[in-house]
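Close look at the chain arrangement
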Amino acid sequence: MAIDTRQVQAVVMLPGPQRYEYFIKRVAETRTVWSLYRNGWALAKKEDGTMVFPLWPDSDFAKICADYEWTGYAPQAFSLDELVGELLPQLEQDGIVTGVFYTPGARDVMPSAALLLRDLDDELKSQRNP
């Protein structure tokens, strides 16, 4: 299901916790996650030096940040299975946190890989058993 420009604008303006909830539901629904790539994945850094791997629920949202903060990077998709089975365990092992649904100037949703995994699992279970 594609999203239109008005919906993109409305979702981007949501507070961080609501963007996180949107991310969880959308990723569970589409089974696709987006990040930014250019000769390697885009990373950010928290003030304490912790590395952050940014994730978005749709390419439109990732492109907004590519245009503003990661010039030259392009949205690239990977499956929910890859996120859960490979990426999140690797990020946890490497001490990298996830940056869920960054927007230009807002980076306030950074769950641990374990928390993101649990929230996605809970959402997938609720979709199977409404």
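Because the structure is a prediction, the values reported are computed rather than measured.

Examining the packing of aromatic side chains
A full pass over the atoms with the stated rule returns eight aromatic pairs. Between Tyr-22 and Phe-61, the aromatic rings sit 6.0 Å apart at their centres with planes inclined by 80°, giving edge-to-face as the arrangement. Taken together, the positions of Tyr-22 in helix α2 (residues 16-30) and Phe-61 in helix α3 (residues 59-68) put the pair 39 residues apart, joining distant regions of the chain. Take Tyr-22: its relative accessible area is 17%, and that puts it in the buried class. Take Phe-61: its relative accessible area is 1%, and that puts it in the buried class. Ring centres 6.0 Å apart and planes at 80° place the aromatic pair Trp-56 and Trp-70 in the edge-to-face group. A residue pair is termed long-range when its members are at least 10 positions apart, and Trp-56 in the loop between β3 (51-55) and α3 and Trp-70 in the loop between α3 and β4 (74-79) qualify at 14 residues. Here a set of aromatic residues connected by ring pairs shows up, and it is made of Tyr-37, Trp-41, Phe-53 and Phe-78. One residue, Arg-19, lies across the ring of Phe-101, its end atom 5.9 Å from the ring centre.

Cut-offs and rules
- Residues numbered from 1 in each chain as written.
- Predicted model: local features only at pLDDT ≥ 70, side-chain atom pairs only at ≥ 80, totals over all residues.
- Heavy atoms only, no water.
- Phe/Tyr/Trp six-rings, centres within 6.5 Å; stacked < 30°, edge-to-face > 60°.
- Helix = DSSP H or I, 4+ residues; strand = E, 2+ residues; numbered from the N terminus.
- Buried < 20%, exposed > 50% of the residue type's maximum accessible area, 1.4 Å probe, protein only.
- Lys NZ or Arg CZ within 6 Å of the ring centre and 35° of its normal.

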